[in-house]
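The lines below spell out each chain.
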Amino acid sequence: MKRDIIGIIGGMGPMATLNLFQKILVKTPAKCDQEHAHVIIDNNTKIPDRTAYLLHGMENPEFEIFNSACRLIDAGANILIMPCNTAHYFYNAVKAKIDQKYKNIDYKFINMIDETAKFIQSQGCKKIFLLATEGTYKSKIYHYICMEYGIDILIPDKNSIHIIMKAIYNYKGGIQNYYKDEIIKIIEDAAFQGVSKIVLGCTELSIIFRELNLLDNSIDPTEILAKSALKQIEADNQ
């Protein structure tokens, strides 16, 4: 039986990539090295900033995302995952190019946003509060997919979005100022609006919220993606 290989389209950002890999390791019920999943990581830091493209028309990341996918498939990966929420704006275009180039290869490209929406629906949750980059908000990738699952989305006001963006880019830049008090106020505002579940719609937020001890009542797409990749392996082995 051919063993599945997970390929991580990484570098968006590097620590978010490491966070996903760590979650895959921790969530694997392995008793020895050989029982862990075979994982290949392409930490492609040449991928241009996704939000900069969506907001300001800067360099398009699609080409480099596709290049990473090709390198991973050529190396033997048959389950692709991408730990960047905003990058899923390019998911359909990249997948179409992969399908065209690798017509005879059986592979899965797991969509983190879709998997997150499925999880939210499975929890009986009808409304969520989305924290994300400005690029993710503009692309409406969560809005479109969650709409298919009957899930309403609330987002913060402009000032709160600015605070979240500063926290994310501070983390990326190695600046340990994540505006904890302001983020707590944003969470409290969500609760005031009757929304108890916070979706961490940026992979850096998964790390920031863990460091700030604010993970209660949050939904982490990175964790959901890790579980989905492992479930795919389990399904393929049955």
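In short, a report on the structure.

## Section: the nonpolar core
Thinking step 1. In terms of nonpolar packing, the biggest core is built from 43 residues, with Ile128, Phe129, Leu130, Leu131, Tyr142 and Leu205 touching the most fellow members.
Thinking step 2. Among the elements of the structure, helix H5 (112-122), strand E5 (127-132), helix H7 (141-148), strand E6 (152-154), helix H8 (158-172), helix H9 (180-192), strand E7 (198-201) and helix H10 (203-211) are those that each provide at least two residues to this core.
Thinking step 3. A total of seven residues in this core trace back to one element, the largest contributor, which is H8.
Thinking step 4. With 22 residues, the next largest nonpolar core counts Ile5, Ile47, Leu80 and Phe90 among its residues.

## A closer look at helix H11 (residues 221-236)
Thinking step 1. With 16 residues, H11 extends 22 Å from end C-alpha to end C-alpha; this agrees with the ideal 22 Å at 1.5 Å per step.
Thinking step 2. Turning to H11, its buried residues number three or more, namely Pro221, Thr222, Ile224, Leu225, Ala226, Ser228, Ala229, Leu230, Gln232 and Ile233.
Thinking step 3. Put simply, aspartate 220 is the residue that caps the front of H11, since its side-chain oxygen is 2.9 Å from the backbone nitrogen of threonine 222.

## A few points about the pattern of salt bridges
Any two side chains of opposite charge can pair if their charged atoms end up close together.
Thinking step 1. Taken as a whole, this structure holds 11 salt bridges when the rule is applied.
Thinking step 2. Put simply, lysine 46 and glutamate 64 hold a salt bridge, and the shortest N to O gap is 3.9 Å. Here the residue lysine 46 occupies a position in the loop between strand E2 (38-43) and helix H2 (50-56), and glutamate 64 occupies one in helix H3 (residues 62-74), the gap between them amounting to 18 residues.
Thinking step 3. Look at the salt bridges and you will find they share partners, linking Lys27, Glu223 and Lys227 into a network.

## Examining the packing of aromatic side chains
Thinking step 1. Here the structure, examined in full by the defined rule, presents four aromatic pairs.
Thinking step 2. Plain terms: the ring middles of tyrosine 91 and phenylalanine 109 are 4.6 Å apart, the flat faces sit at 45° to each other, and that makes the pair tilted. Of the two residues, tyrosine 91 is situated in helix H4 (residues 91-101) and phenylalanine 109 in strand E4 (residues 108-109); the sequence distance between them amounts to 18 residues.
Thinking step 3. Note on tyrosine 171 and tyrosine 178: the rings are 6.0 Å apart at their centroids and 50° apart in plane angle, and the pair reads as tilted. The pair formed by tyrosine 171 and tyrosine 178 is uniform in burial state, with each residue classed as buried.
Thinking step 4. Linked through ring pairs, Tyr53, Tyr89 and Phe90 together constitute an aromatic cluster.
Thinking step 5. Above the ring of phenylalanine 66, the side-chain terminus of lysine 97 is found at 5.9 Å from the ring centroid.

## Thoughts on the pairing of E5
Thinking step 1. Of all six residues that make up E5, five are buried, and the element is covered over most of its length.
Thinking step 2. Of the strand pairs in this sheet, E5 and E6 are connected by three bridges, and their pairing is parallel. Bridge pairing in E6 links isoleucine 128 to isoleucine 153.
Thinking step 3. One ladder, built from four bridges, connects E5 with E7; its direction is parallel. In the sheet register, alanine 132 faces E7, and the bridge partner there is glycine 201.

Definitions and cut-offs
Residues numbered from 1 in each chain as written. Predicted model: local features only at pLDDT ≥ 70, side-chain atom pairs only at ≥ 80, totals over all residues. Heavy atoms only, no water. Core = buried A, V, L, I, M, F, W, Y, C linked by side-chain atoms within 4.5 Å. Buried < 20%, exposed > 50% of the residue type's maximum accessible area, 1.4 Å probe, protein only. Helix = DSSP H or I, 4+ residues; strand = E, 2+ residues; numbered from the N terminus. Expected span 1.5 Å × (residues − 1). Polar contact = N/O pair within 3.5 Å; in protein donor to acceptor, adjacent residues only side chain to side chain. Salt bridge = Lys/Arg side-chain N within 4 Å of Asp/Glu carboxyl O. Phe/Tyr/Trp six-rings, centres within 6.5 Å; stacked < 30°, edge-to-face > 60°. Lys NZ or Arg CZ within 6 Å of the ring centre and 35° of its normal. Pairing = 2+ DSSP bridges.

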